[in-house]
Amino acid sequence: MKLTFFGAARAVTGSCHCVECGGKKILVDCGLQQGRDERDNQELDFAAGYIDAVVVTHAHIDHSGRIPLLVKQGFTGNIYCTRLTGQLLSIMLRDSAHIQESDAQWQNQKGKRAGEEPVEPLYTVHDAEEAVKRIVTCEYGTTLQIADGVKVRFVDAGHLLGSASVEMWLTEGDDTRKVVFSGDIGNRDQPIIRDPQYIRDADYVLTESTYGDRLHDMDKDPDYTADLAAIIDETLGNGGNVIIPSFAVGRTQELLYFIREMKEQGLVKSVPGFSVVVDSPLAGEATRIFSGDLHGYLDEKAIAALKGGALFQFPGLTITESSDESRALNLDPTPKVIISASGMCDAGRIRHHLKHNLWREECSVVFAGYQAEGTLGRLLQDGAPAVKIFGEEIDVKAHIETLDGISGHADRDGLLTWAAAFEQKPKYVFVVHGNDESCESLTDALNTQLGLTAKAPYSGSEFDLIKGVWIKETEPVPVEAETQATRKATGVYTRLVDAGQMLMDVIARNQGGANQDLTRFTEQILALCEKWNR
């Protein structure tokens, strides 16, 4: 019984952990690496065909974005998640695949002129559709047997619609261990989404640490609606646009909720009937899911608003679908609010809107979510005087604003509160999903303040869940010293080892076979060994 840390180990994106129990391999999340965390998204650290099942904590791409690649490379098992996570994955994975195809097409058009070899997309829309076919959903609180000796149950994590912490029971012979995966723990008192639910018992816990080294800068009673209204009022009054980079799923719907409230309360005086454009087909589809059957997923105030059909509806709201509609927004001089993906500005239509508005001092760019290191959003948030977008240097003259406290992630205190809810201390706490500073800060607090045994592992580390000891602890590799070739070689070798394990399983299953077949199989293996013996 073993736990291996692959992605989001000392990193914020690319979540991926593997549990082995009774000969079965279960992945918890399989996310895309983004920003400074990105190494080589093309290379999985394991043989995809050797994975028996995937459990997904929530639909954000940094937790789910490499699932279509997993399917492309041979995964044939089921993908387990909550009902609404399944609905969101069905649109998000297709959208991610479309972006992969578009990026590859653009690179090939550019590379052809330079005589470069064509590149393939990370995965295609077909791969995403095949992944969606494998999704199996359930509601919170339902216990599922996903493999022999492996049961899971989803608990509301309060981060995103359908997001979950995962309780996993593992049994080998007479030994049973319970492992809890936090997923992304939500902030408290968010609009729409309920507060995170606590879990009372576990042998082992994996906890995220995105904000493990800081507290949200919040007033005693923050008024997000009034704060955003003040920015919109001043900017539109000056004749500028308000550009809000936002994740299409979750954050966009919260912003629409705030804007609906400010319009009802008449908080924007300069242009009372101001226009709001959600420039993202994905956001439009996600908003329709947010307006569906949400009982068991929303808080009571949101459900009450939902009954009136007005949760995300108000005068002046437009959702664009086509690229032509998106381009037209920057030709229209009317001051407006534009909400567009992606939230970290590393892809999507938001980059076009930033290109057309960053240099205008009457405009504002409002960040309402976490900006990972190495992303365009983080550069702007840190005060860069100029940035490059599509190869062109753009002066930053617009006002750069951040809505403090609106984060969908729990801060340091929220994470400690979640960890302190376990009535008996877990045997070990593994700190993941954070940069070095966040991981180390939260690890120290868990050890000293809560008296737990906690550690932040590096990618590739392995832990024996029966004996409670480390099998392998990997060392950090400085980013500047780790070449792409090194990373790729390491990942490919790991896949080779997994393939060898798979071969041993095949040999075991052929015991008792016909002598003629066994002789031929043996000769093929010997020939392969002779070819590669060095």
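1. Observations regarding the overall build of the protein chain
And step 1. Helix and strand counts for the protein chain come out as 15 helices and 23 strands.
And step 2. Whereas a compact globule of 534 residues would reach a radius of gyration of roughly 24 Å, the protein chain reaches 24 Å, a difference of no more than 12%.
And step 3. When the backbone C-alpha atoms are referred to their principal axes, the protein chain occupies close to 85 × 65 × 45 Å.
And step 4. The buried share of the protein chain, taken over its 534 residues, is 53%.

2. Description of helix 3 (residues 83–113)
And step 1. Taking 1.5 Å per residue as the helical rise, helix 3 with its 31 residues ought to reach 45 Å, and the 46 Å between its terminal C-alpha atoms agrees with that figure.
And step 2. In the structure, helix 3 departs most strongly from a straight axis at Leu-89, where the bend amounts to approximately 30 degrees.
And step 3. Gly-115 sits one or two residues past helix 3 and shows a positive phi near 75 degrees.

3. As for the sheet that holds strand 9 (residues 164–172)
And step 1. With mixed pairing, the 7 strands of this open sheet are ordered in space as 7-8-9-10-11-20-21. This sheet does not close on itself; its edge strands, each paired only once, are strand 7 (143–147) and strand 21 (454–455).
And step 2. Relative to strand 20 (residues 428–432), strand 11 (residues 204–208) is paired through 5 bridges, and the arrangement is parallel. Bridge pairing in strand 20 links Glu-208 to Val-432.
And step 3. Relative to the sheet, helix 12 (residues 412–420) contacts strand 9, strand 10 (175–181) and strand 11, its axis offset from that of strand 11 by approximately 165 degrees.
And step 4. Across the sheet, helix 13 (residues 436–448) is in contact with strand 11, strand 20 and strand 21; its angle to strand 20 comes to roughly 160 degrees.

4. Thoughts on helix 10 (residues 350–357)
And step 1. Along helix 10, the positions that sit buried rather than exposed are Ile-350, Arg-351, His-353, Leu-354 and Asn-357. Across the axial projection of helix 10, the buried residues extend over an arc of 160 degrees, all falling on one side.

5. Focus: the pairing of strand 11
And step 1. In terms of burial, strand 11 is largely enclosed, as 5 of its 5 residues are buried.
And step 2. Side chains Tyr-204, Leu-206 and Glu-208 project from strand 11 onto one buried face, and the interleaved Val-205 and Thr-207 project onto a second face that is buried too.
And step 3. Inspection of the sheet shows strand 10 paired to strand 11 by 3 bridges, in the parallel sense. Each residue of the ladder has a partner; that of Phe-181, found in strand 11, is Leu-206.

6. Here we look at the sheet that holds strand 23 (residues 469–472)
And step 1. In space, the 8 strands of this open sheet follow the order 6-5-4-3-2-1-22-23, with mixed pairing throughout. For this open sheet the edge positions go to strand 6 (135–138) and strand 23, each flanked by a neighbour on one side alone. Strand-to-strand twist in this sheet, taken as the mean axis angle between neighbours without regard to direction, amounts to 25 degrees.

7. A word on the packing of aromatic side chains
And step 1. Considering all chains together, one arrives at 15 aromatic pairs under this definition.
And step 2. Centroid distance Tyr-257 to Phe-258: 6.5 Å. Interplanar angle 75 degrees. Geometry classified as edge-to-face.
And step 3. On the basis of relative accessible area, Tyr-257 is assigned to the buried category, the value being 4%.
And step 4. Looking at Phe-258, the relative accessible area reads 3%, which means it is buried.
And step 5. Relative to Phe-463, the ring of Tyr-428 has its centre 5.2 Å away and its plane inclined at 55 degrees; by these criteria the two rings are tilted. You can see Tyr-428 sitting in strand 20 and its partner Phe-463 sitting in strand 22 (residues 462–464), a full 35 residues away along the chain.

8. Structural notes on the environment of Leu-256
And step 1. As for its position among the elements, Leu-256 is in helix 6 (residues 251–265).
And step 2. Owing to a relative accessible area of 0%, Leu-256 belongs among the buried residues under this scheme.
And step 3. Sequence-distant contacts of Leu-256, defined by excluding residues within four places in its chain, comprise Val-276, Val-278, Thr-287, Phe-312, Phe-314, Leu-317 and Ile-339.

9. Topic: the pattern of salt bridges
And step 1. A complete count under the given rule lists 21 salt bridges for this structure.
And step 2. In this structure, the salt-bridge partner of Arg-83 is Glu-139, at a minimum N-O distance of 2.5 Å. Taken together, the positions of Arg-83 in helix 3 and Glu-139 in the loop between strand 6 and strand 7 put the pair 56 residues apart, joining distant regions of the chain.
And step 3. Under the relative-accessibility criterion, Glu-139 is labelled partly exposed at 32%.
And step 4. One salt bridge in this structure joins Lys-455 and Glu-473, with 2.2 Å as the shortest N-O distance.

10. A closer look at the confidence of the model for the protein chain
The predicted coordinates ought not to be read in detail in places where the model reports low pLDDT.
And step 1. Residues of the protein chain with pLDDT of at least 70 account for 90%, and the chain-wide mean is 87.
And step 2. Considering only residues more than four positions removed or in separate chains, one finds that residues 479–490, a stretch of pLDDT under 50, has 7 contacts.

11. Digging into the nonpolar core
And step 1. In this structure, Met-168 and Leu-228 are the most contacted members of the largest nonpolar core, which totals 109 residues.
And step 2. Here the element with the most residues in this core is helix 3; it accounts for 7 residues.
And step 3. The contact partners of Met-168, leaving out residues within four places of it in the chain, are Val-19, Ile-26, Val-28, Val-55, Val-150, Lys-151, Val-152, Arg-177, Lys-178, Val-179 and Phe-181.
And step 4. By size, the runner-up hydrophobic cluster in this structure holds 21 residues, among which are Ala-202, Trp-418, Val-431 and Leu-446.

What counts as what
- Residues numbered from 1 in each chain as written.
- Predicted model: local features only at pLDDT ≥ 70, side-chain atom pairs only at ≥ 80, totals over all residues.
- Heavy atoms only, no water.
- Helix = DSSP H or I, 4+ residues; strand = E, 2+ residues; numbered from the N terminus.
- Rg over C-alpha atoms; globule rule 2.2 N^0.38 Å.
- Buried < 20%, exposed > 50% of the residue type's maximum accessible area, 1.4 Å probe, protein only.
- Expected span 1.5 Å × (residues − 1).
- Bend = angle between axes of the 7 residues up to and from the residue.
- Pairing = 2+ DSSP bridges.
- Contact = heavy atoms within 4.5 Å.
- Axes fitted to C-alpha atoms, helices over the stretch in contact; angles between N-to-C directions.
- Arc of directions from axis to C-beta.
- Phe/Tyr/Trp six-rings, centres within 6.5 Å; stacked < 30°, edge-to-face > 60°.
- Salt bridge = Lys/Arg side-chain N within 4 Å of Asp/Glu carboxyl O.
- pLDDT = per-residue confidence, 0-100.
- Core = buried A, V, L, I, M, F, W, Y, C linked by side-chain atoms within 4.5 Å.

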